[in-house]
Amino acid sequence: MQLFRYTKSVYGGQEQLIGASWDLLPWFVAAGAAFIIVHVIVMTLANARGRESH
Amino acid sequence: MSELLSEKKGIAADAPKRVMRHALIDRFYHWLMAATILVLLATAFLPILGIKFQWVEIHWITGMLLAGLVLFHIVRALFWLDWRSMMIWLDDGRDLWRGMRHTLNGGAPPVRPGKYNALQKLYHLGIAILVLAAVASGLLMLLKIDTPFWRRDPYWFSNDTWGIIYAVHGFAAMAMVTMVMIHIYFALRPDEWYLTRSMFRGWISRKEYSEYHDAERWKT
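Residues numbered from 1 in each chain as written. Chains lettered and ligands numbered in written order. Predicted model: local features only at pLDDT ≥ 70, side-chain atom pairs only at ≥ 80, totals over all residues.

Chemist: Report on the overall build of chain B, specifying residues and quantitative values.
Modeler: What chain B contains, in helices and strands, is eight helices and two strands. Reading the helices (α) and strands (β) of chain B from amino to carboxyl end gives α-β-α-α-α-α-α-α-β-α. Each principal axis of the C-alpha distribution contributes one length, and for chain B these read about 70 × 40 × 30 Å. Of all 220 residues assigned to chain B, the portion counted as buried reaches 19%. Taking as baseline every contact in chain B between residues at least 6 positions apart, the subset at least 24 positions apart corresponds to 71%. (Helix = DSSP H or I, 4+ residues; strand = E, 2+ residues; numbered from the N terminus. Buried ≥ 20, exposed ≤ 12 C-beta atoms within 10 Å, placed from the backbone. Contact = placed C-beta atoms within 7 Å.)

Here is the structure:
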């Protein structure tokens, strides 16, 4: 998995940075989903513990 | 309601029945900004995902609108709103720690925040950095396109510099996908509905104000 996108420079063989790699997009979506899932679990457990203590 | 009864119920009796949280212009700004960011993300990523259409013009025009909205918000926040209410202070670090301990270990309940809690302030800081990075890099990219106002000039920067500008824009955009997901999630949580409602109707109730906020830290 690449972090950046490159192309060959027209002036020679050197690689040219052209931007971020779009292969990372699913990872950013997954990060958002993971945060939401973990938060739901933590809050559900915390609320259940709060109800038990009352 | 008597003062004693108010104290007993923990309700700020001197607060109005409806506590104004967001003025109409600020709500309008929020929803217009939300729409522009969603249009920008859609025009950016749908073509990458295979849904091809003429996206460049919509994208840069909406980007210019976002730049204008950001400028409006900065000026309004500095001169009309209480910008200090969004600043992260040492108290917020303490509140964050207490909140985490309370949630994870059942420690003492956290202190009620002012208008915005520590997590909201952190979110605002994060999204501000990302939006400013995307807008700044996006404005520079306008040099590469023909518009009714100017002719393109891609030689303003070297190829290496353009690569960095595009990389900043791309990473900021992808990170905004994550942040938008998180923001919509919190807006839909039942325990946060009073805040979501306030972004439509502008106010929260006296009871919500007393329950969720410290009247000393957010004076109405």
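Chemist: Explain the overall build of chain A to me, using residue names and the numbers behind them.
Modeler: Scanning chain A from N- to C-terminus turns up one helix and two strands. The order of α-helices and β-strands along chain A, N terminus first, is β-β-α.

Chemist: Report on the interface of chain B and chain A, specifying residues and quantitative values.
Modeler: At the interface, 19 residues of chain B touch 20 residues of chain A. Considered class by class, the residues forming the side of chain B that touches chain A number twelve nonpolar, six polar and one charged. (Nonpolar A, V, L, I, M, F, W, Y, C, P; charged D, E, K, R; others polar.)

Chemist: Any details on the pairing of strand β1 (residues 4–8) of chain A? Residues and values, ideally.
Modeler: Residue and element names in this part refer to chain A. Note that β1 and strand β2 (residues 15–20) share five bridges and pair antiparallel. Of the residues in β2, the one forming a bridge with T7 is Q16. Counting the residues between successive antiparallel strands, the hairpin from β1 to β2 contains six residues. (Pairing = 2+ DSSP bridges.)

Chemist: Describe the environment of L81 of chain B, listing the residues and the values that go with them.
Modeler: Mapping L81 of chain B onto the fold places it in the loop between α3 (56–79) and α4 (90–105). Along the chain, L81 of chain B and E208 of chain B lie 127 residues apart, while their C-alpha atoms are 21 Å from each other.

Chemist: Outline α4 of chain B, supporting the account with residue identities and numerical values.
Modeler: Compared with an ideal rise of 1.5 Å per residue, which puts 16 residues at 22 Å, α4 of chain B spans 22 Å between its outermost C-alpha atoms and is within 8% of the ideal. Looking one or two places after α4 of chain B, you find G106 of chain B, whose phi comes out positive at around 70°. (Expected span 1.5 Å × (residues − 1).)

Chemist: Provide a residue-level description of the nonpolar core, including the pertinent values.
Modeler: If you look at the biggest cluster of nonpolar residues, it comprises 15 residues, and the most contacted ones within it are A134, F171, A172, A173, M174, A175 and M176 of chain B. Of all elements in the fold, only α2 (24–45), α5 (118–141) and α6 (159–188) of chain B reach the threshold of two or more residues within this core. The greatest single-element share of this core, amounting to seven residues, is contributed by α6 of chain B. Leaving out residues up to four positions away in the same chain, M174 of chain B has contacts with A20, L24, L25 and F28 of chain A. (Core = buried A, V, L, I, M, F, W, Y, C linked by C-beta atoms within 7 Å.)

Chemist: Now, about the packing of α2 of chain B against α6 of chain B: what can you tell me, with residues and values included?
Modeler: Residue and element names in this part refer to chain B. It is the contact of α2 with α6, at a shortest axis distance of 11 Å, that shows an interaxial angle of 130°. The orientation of α2 with respect to α6, classified from their angle, is oblique. As for how α2 packs across α6, the hand of that crossing is left-handed. Taking contact as the criterion, the partners of I37, L41 and A44 in α2 are, on α6, A173, M176, V177 and V180. Its residues assigned to classes, the contact of α2 with α6 comprises seven nonpolar, no polar and no charged. (Axes fitted to C-alpha atoms, helices over the stretch in contact; angles between N-to-C directions. Parallel < 35°, antiparallel > 145°, perpendicular 65-115°, else oblique. Left-handed = near helix turned anticlockwise from the far one by under 90°.)

Chemist: Requested: an account of the environment of A173 of chain B, with residues and values cited.
Modeler: Relative to the elements of secondary structure, A173 of chain B occurs in helix α6. Sequence spacing of A173 of chain B and I37 of chain B is 136 residues, and the spatial spacing of their C-alpha atoms is 9.6 Å.

Chemist: I'd like a rundown of the packing of α5 of chain B against α6 of chain B, residues and numbers included.
Modeler: Residues and elements named next belong to chain B. Running from N to C, α5 and α6 point in directions that differ by 145°, and their axes come no closer than 8 Å. The way α5 lies across α6 gives a crossing that is left-handed. In this structure, α5 uses G126, I127, L130, A133, A134, S137, G138, L140 and M141 to contact α6, whose residues at the interface are I165, V168, H169, A172, A173, A175, M176 and M179. A class-by-class count of the residues in the contact of α5 with α6 yields 13 nonpolar, four polar and no charged.

Chemist: Pulling in residues and values, what's your account of the confidence of the model for chain B?
Modeler: Residues shown with low pLDDT carry predicted positions that ought not to be read at fine detail. All names here are of chain B. The predicted model of chain B has a mean per-residue pLDDT of 92, with 94% of residues at 70 or higher. Within chain B, no element has a lower average pLDDT than helix α1 (residues 3–9), which sits at 47, and none a higher one than α2, at 98. Low pLDDT (under 50) marks residues 1–8, which in the prediction has five contacts with non-local residues, meaning those over four places away or in another chain. Among the scores for the predicted complex, ipTM is 0.90 and pTM is 0.91. (pLDDT = per-residue confidence, 0-100.)

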